[in-house]
Amino acid sequence: MRAALEQAREAGSCDEVPVGAVVVLDGEIIGRGFNQPIGRHDPTAHAEVMALRDAAARLGNYRLPGCELFVTLEPCAMCCGAIMHSRIARVVFGARDPKTGVGGSVIDLFAEPRLNHHATVEGGMLADECGSLLSSFFAARRRRTLVA
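Residues numbered from 1 in each chain as written. Predicted model: local features only at pLDDT ≥ 70, side-chain atom pairs only at ≥ 80, totals over all residues. Heavy atoms only, no water.

Student: Is there a simple way to explain the sheet that holds strand 2 (residues 28–34) in this structure?
Tutor: Working definition: the strands of a sheet are paired by backbone hydrogen bonds and lie parallel or antiparallel to each other. Read across the sheet, five strands follow the order 2-1-3-4-5 without closing on themselves; strand pairing throughout is mixed. Unpaired on one side and paired on the other, strand 2 and strand 5 (120–123) mark the two borders of the sheet. Pairs of neighbouring strands in the sheet enclose a mean axial angle of 15°, with direction left out of account. Note that strand 1 (residues 20–25) and strand 2 share six bridges and pair antiparallel. Paired with Val22 across the bridge in strand 2 is Arg32. Sitting on the sheet, helix 3 (residues 47–59) touches strand 1, strand 2 and strand 3 (68–73), and the angle it makes with strand 2 is about 140°. (Pairing = 2+ DSSP bridges. Helix = DSSP H or I, 4+ residues; strand = E, 2+ residues; numbered from the N terminus. Axes fitted to C-alpha atoms, helices over the stretch in contact; angles between N-to-C directions. Contact = heavy atoms within 4.5 Å.)

Student: What is the right way to look at the packing of helix 1 (residues 2–13) against helix 5 (residues 127–147) in this model?
Tutor: Between two packed helices, what matters for the description is the angle formed by their axes and the separation of those axes. The contact between helix 1 and helix 5 brings their axes to 11 Å, and the two run at 0°. When the interaxial angle is binned, helix 1 and helix 5 end up roughly parallel. Facing Arg2, Leu5, Ala8 and Arg9 of helix 1, the residues of helix 5 in contact are Glu129, Cys130 and Leu133. Residue composition of the contact of helix 1 with helix 5, by class: four nonpolar, no polar and three charged. (Parallel < 35°, antiparallel > 145°, perpendicular 65-115°, else oblique. Nonpolar A, V, L, I, M, F, W, Y, C, P; charged D, E, K, R; others polar.)

Student: Even after reading the chapter, I still don't get the pattern of salt bridges, so can you show me in this structure?
Tutor: Side chains that differ in charge, positive against negative, can pair when their charged atoms come close. Within this structure, the stated rule accounts for eight salt bridges. Between Glu68 and Arg90 there is a salt bridge, with the nearest N and O atoms lying 2.6 Å from each other. A residue pair is termed long-range when its members are at least 10 positions apart, and Glu68 in strand 3 and Arg90 in strand 4 (residues 90–95) qualify at 22 residues. Between Glu112 and Arg114 there is a salt bridge, and its shortest N-O distance comes to 2.6 Å. Look at the salt bridges and you will find they share partners, linking Arg2, Arg9 and Glu129 into a network. (Salt bridge = Lys/Arg side-chain N within 4 Å of Asp/Glu carboxyl O.)

Student: Looking at this structure, how should I read the state of the cysteines?
Tutor: Every disulfide links exactly two cysteines, by a covalent bond between their sulfur atoms. Throughout the structure, instances matching the rule amount to zero disulfides. The thiol of Cys67 is unpaired, and the distance to the nearest cysteine sulfur, on Cys79, comes to 16 Å. There is no disulfide at Cys80, and the cysteine sulfur nearest it, in Cys76, is 8.6 Å away. Accessibility expressed as a relative area gives 1% for Cys80, which makes it buried. (Disulfide = S-S within 2.5 Å. Buried < 20%, exposed > 50% of the residue type's maximum accessible area, 1.4 Å probe, protein only.)

The analysis is restricted to geometry; functional conclusions fall outside its scope.
Structure, rendered in structure tokens:
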């Protein structure tokens, strides 16, 4: 999760919402990503999707069986779909997202029995640190808006 937090800080330095992710296989990071939808003009450029793309390119396969995804914020529905399609085995997230999180906060898509792939999910790893990074980012953004 520390490596995912580094990616989140990278996003924040680009004035993107500070969310970071890494894909791990056999204890080695094989994919990294951070939020980039604003800079890339791409609504799909969430941290999870960027990390999955990086890992898939490195492995030369769109399927990532046996891999784990560590992400600083609970995945949204779009990212959950990408995670499922890539066959990630385990998802570990930091902060919960009570507005768009689908790893148990709003709904739990990972537990939906009608879907064909199920990753195990663990939430709350370094949750305070992950949440603090997001809170600080949005507080700074609000301050800039008030000054402008």
